[in-house]
Amino acid sequence: MSSVSRLMTRIDTNGSLRRLQRADLPVNTVALARYLLGKVIVHDTANGRLSGRIVETEAYPVGDAAGHAFRGRTPRNGSLFLERGHAYVYLVYGASFLLNVSSEKAGVGAGVLLRAIEPLDGIELLDGTLRANRRADAGRGPGRLTKALKVDLRHDGLDLCSASSSLWLAASARKVGRIGRSVRIGLTYEADRVLRFYERGSAYISGPRSLLGE
DNA sequence: TATGCGATATTCT
DNA sequence: GAATATCGCATAG
């Protein structure tokens, strides 16, 4: 029998979560990238709530050659041009979905990539190697983050600030610590811009240790 | 710990 | 046909 045992983390947020309103979000990509640290991303599914505390983000501001919106609006990147607070989800390398939050006024293309979460409610850790079972790994890295939250292309374009959305943002359950910054990860263009933000000391962030400490 | 590689799907040239 | 905002495994030091 293929006994795929599962570990479930149940760290209740105790219903203490408050939905963020659009008015809460800064109308600026870099400001939003910092603002989102410590906030909670929530996905309410038929099988319960999945959530995590955001500990790492990257900004892809207006005019950034590394941003998908740089070459103008296409069917794929259209969500980046929605009013701030909408989800932009796409597939990279044929393997991983990445979740972004649109970050400017309607018609302006820019976004914030969510790179890592600290697991809160319902995050499932598939039994595999010891490595994959570590709780800290479940939401570390943008591809793992979407996997942990069960987010995919169906969520592209959703309004994260709508009162009825199943995917939404919540105010901090716990205050964010000191914020560190570094260059973004995995880029070829604009690789030297310091637009990655993370909670210093968090055990849940991605990337090489060499980027820590600023 | 650090680097390198292949897998994989969609978009754009 | 090339490029890609990644991941996991492999190998080397």
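Parameters at a glance
- Residues numbered from 1 in each chain as written.
- Chains lettered and ligands numbered in written order.
- Predicted model: local features only at pLDDT ≥ 70, side-chain atom pairs only at ≥ 80, totals over all residues.
- Heavy atoms only, no water.
- Salt bridge = Lys/Arg side-chain N within 4 Å of Asp/Glu carboxyl O.
- Helix = DSSP H or I, 4+ residues; strand = E, 2+ residues; numbered from the N terminus.
- Buried < 20%, exposed > 50% of the residue type's maximum accessible area, 1.4 Å probe, protein only.
- Core = buried A, V, L, I, M, F, W, Y, C linked by side-chain atoms within 4.5 Å.
- Contact = heavy atoms within 4.5 Å.

How do you make sense of the pattern of salt bridges when you look at a structure like this?
Close approach of charged atoms lets side chains of opposite charge pair. Enumeration over the complete set of coordinates arrives at 15 salt bridges. Note that Arg-184 is salt-bridged to Asp-64, the shortest N-O span being 2.5 Å. Within this pair, whereas Arg-184 is found in the loop between β9 (179-182) and β10 (196-199), its partner Asp-64 is found in the loop between β3 (48-60) and β4 (87-92), the two being separated by 120 residues in sequence. Using a relative accessible area of 5% as the deciding quantity, one classes Arg-184 as buried. For Asp-64, a relative accessible area of 1% puts it in the buried group. A salt bridge links Glu-190 to Arg-193; the nearest nitrogen and oxygen atoms lie 3.5 Å apart. Salt bridges sharing partners connect three or more residues here, namely Arg-53, Glu-118, Arg-174 and Glu-199.

Quick question: what am I supposed to make of the nonpolar core here?
In summary, soluble globular proteins display a tendency toward joint burial of nonpolar side chains. Membership of the largest hydrophobic core comes to 30 residues, with the highest contact counts inside it found for Leu-36, Ile-41, Ile-54, Leu-99, Leu-114, Leu-149 and Leu-169. Listed by contribution, the elements that provide at least two residues to this core are α1 (29-35), β3, β4, β5 (96-102), β6 (111-119), α3 (142-149) and β8 (167-170). Excluding residues that lie within four positions of it along the chain, Leu-36 makes contacts with Ile-54, Thr-57, Val-101, Val-112, Leu-114 and Leu-169. Judged by nonpolar contacts, the second largest core, of ten residues, contains Tyr-60, Ala-66, Ala-69 and Phe-81.

Honestly, that's just the spatial picture; any functional story needs more than this.
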